[in-house]
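Structure at a glance
Listed below are the residues making up each chain.
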Amino acid sequence: MNCKICDGILHLDGEITVKTVHGSAYRQFVQLSGGDIKAVDLSAVSRADSACLSLLFSVLRRNGSRPELRHMPPAVADLAELYEVREWITP
């Protein structure tokens, strides 16, 4: 997992799974997601599971302005539906 901020948009890319969200990658995510985030762009995510959904909830909790979630991977949308939390991540 990689992440960066550009013009208030948090860009996530690579695999975001329970096997890839650890150590330095997670610390970088926490540091970058603590600011004023307008949107989270997931268009470069190649694989995602419940770890990705957890990170999205973290961003939403930390940014009261409710950032827009762009290009959510189908697997994450399916998990949100399964866990009955889809309305928490969609406008």
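Use the structure listed above.
So, here's what we can say about the structure.

Calculation notes
Residues numbered from 1 in each chain as written. Predicted model: local features only at pLDDT ≥ 70, side-chain atom pairs only at ≥ 80, totals over all residues. Heavy atoms only, no water. Helix = DSSP H or I, 4+ residues; strand = E, 2+ residues; numbered from the N terminus. Rg over C-alpha atoms; globule rule 2.2 N^0.38 Å. Buried < 20%, exposed > 50% of the residue type's maximum accessible area, 1.4 Å probe, protein only. Contact = heavy atoms within 4.5 Å. Areas by Shrake-Rupley, 256 points an atom, 1.4 Å probe, with all protein chains shown as cover. Lys, Arg positive; Asp, Glu negative; His and termini not counted. Charge placed at Lys NZ, Arg CZ, Asp CG, Glu CD. Pairing = 2+ DSSP bridges. Axes fitted to C-alpha atoms, helices over the stretch in contact; angles between N-to-C directions.

Let us now look at the overall build of the chain. Regarding its fold elements, the chain presents 4 helices and 4 strands. When the helices and strands of the chain are placed in sequence order, the string is β-β-α-β-α-β-α-α. Over its C-alpha trace the chain gives a radius of gyration of 12 Å, about what one expects of a compact globule, namely 12 Å for 91 residues. Counting only C-alpha atoms, the chain reaches 30 × 30 × 20 Å along its principal axes. Relative to its full complement of 91 residues, the chain shows a buried share of 44%. Once local pairs closer than 6 in sequence are excluded, the contacts in the chain between residues at least 24 apart make up 74%. With the model as given, the accessible surface of the chain reaches about 5,300 Å², and the carbon-plus-sulfur share is 50%. Separation of charge centres in the chain, based on 10 positive and 11 negative side chains, amounts to 6 Å.

Moving on: the sheet that holds strand S4 (residues 68–70). A sheet is described by the order of its strands in space; here 4 strands give the open sequence S1-S2-S3-S4, paired in mixed fashion. Two strands close off the open sheet at either side, each with one partner strand: strand S1 (2–6) and S4. Ignoring strand direction, the axes of neighbouring strands in this sheet form an average angle of 20°. In the sheet, S1 pairs with strand S2 (residues 9–16) via 5 bridges, with the strands oriented antiparallel. Counted as the bridge partner of Cys6 is Ile9 from S2. Together, S2, strand S3 (39–48) and S4 form the strand contacts of helix H2 (residues 50–62), whose direction differs from that of S3 by roughly 170°.

It is worth stressing that arrangement in space is one thing and function is another; only the former is reported here.
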